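The lines below spell out each chain.
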Amino acid sequence: MDTVLDWYNGKNAGFVQYINLKNKSKKFIVDILLATSAIPIVYQPVEIGGQFYVDGGINDNLPVAPVFRMGYKKIIAISCSQINYSSLKRRFPSSSILLIQPSKYLGNLIEGTLNFKKSKLKDSYNLGYADAMKAVKNSRVSVERLLTY
């Protein structure tokens, strides 16, 4: 019996691809959403049109670049890990980025990402809410302005 790990054996790493879902079929959108959940080694890639896709967080865990290239300069970026804001600003100097990130470590793949215990989900939700409110407060952006940010 093959394991998920067997699928990856001898395969080269892929590349980042940003996909516009506007005017795409419901089946295509469902397939892409499943692919974004395909964490390598844990789940097999999802095949779409003869190409295999996995979780985009592997190569670009905070995809600011495609939004920036589309011309948006005011960006709200939400990260599940600590990000160096100065490095982010150096990459996108003409942007205004509101970075929301966890104030404490959320755990590794098993204890964090794949931990669906009710208590962990509740704690992560509460931490995310508190960190978002703190980021908004520290940015001195009013909630009304944030909604049109």
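Residues numbered from 1 in each chain as written. Predicted model: local features only at pLDDT ≥ 70, side-chain atom pairs only at ≥ 80, totals over all residues. Heavy atoms only, no water.

> Lay out the pattern of salt bridges with the relevant residues and their values.
Note on pairing: side chains with opposite charge can pair once their charged atoms come close. With the rule as written, the count across this model stands at one salt bridge. Here Lys27 and Asp31 are joined by a salt bridge, their closest N and O atoms 2.8 Å apart. Within this pair, Lys27 and its partner Asp31 are both found in helix H2 (residues 26-36), separated by four residues, close to a single helical turn. (Salt bridge = Lys/Arg side-chain N within 4 Å of Asp/Glu carboxyl O. Helix = DSSP H or I, 4+ residues; strand = E, 2+ residues; numbered from the N terminus.)

> Would you mind going over the environment of Ile97 in detail, with residue names and values included?
Structurally, Ile97 is set in strand S4 (residues 96-100). Here the alpha-carbon distance between Ile97 and Lys73, two residues 24 residues apart in the chain, equals 7.8 Å.

> Any chance you could break down the packing of aromatic side chains for me, citing the residues and the numbers?
For any two aromatic rings, the description comes down to two numbers: the centre-to-centre distance and the angle of the planes. Applying the stated criterion across every chain, the model contains one aromatic pair. A cation sits over an aromatic face here: Lys24 above Phe28, 5.6 Å from the ring centre. The residue whose ring lies beneath Lys73 is Phe68, and the NZ or CZ to ring-centre distance is 3.8 Å. (Phe/Tyr/Trp six-rings, centres within 6.5 Å; stacked < 30°, edge-to-face > 60°. Lys NZ or Arg CZ within 6 Å of the ring centre and 35° of its normal.)

> Quick rundown of the side chain of Asp131? Include the residues and the values.
With respect to the secondary-structure elements, Asp131 resides in helix H6 (residues 118-139). Despite being buried, Asp131 has no salt bridge partner; Lys134 is the closest side chain of opposite charge, sitting 6.0 Å away. A distance of 2.8 Å separates a polar atom in the side chain of Asp131 from the backbone nitrogen of Ser103. Dropping the residues within four chain positions of it, Asp131 is found in contact with Ile100, Gln101, Pro102 and Ser103. (Buried < 20%, exposed > 50% of the residue type's maximum accessible area, 1.4 Å probe, protein only. Lys, Arg positive; Asp, Glu negative; His and termini not counted. Polar contact = N/O pair within 3.5 Å; in protein donor to acceptor, adjacent residues only side chain to side chain. Contact = heavy atoms within 4.5 Å.)

> Before we move on, can you summarise the nonpolar core with the specific residues and values?
In this structure, Leu62, Val64, Ala65, Phe68, Ile75, Ala77, Leu88, Phe92, Ile97 and Leu99 together form the largest nonpolar core, which totals ten residues. Secondary-structure elements contributing two or more residues to this core are helix H3 (65-69), strand S3 (74-78) and S4. Contacts of Leu99, omitting those with residues within four sequence positions, involve Leu62, Ala77, Ser79, Ile83, Tyr85, Leu88 and Ala135. Formed by six residues, the second largest nonpolar core is a distinct cluster that contains Ile32, Ala38, Ile48 and Tyr53. (Core = buried A, V, L, I, M, F, W, Y, C linked by side-chain atoms within 4.5 Å.)

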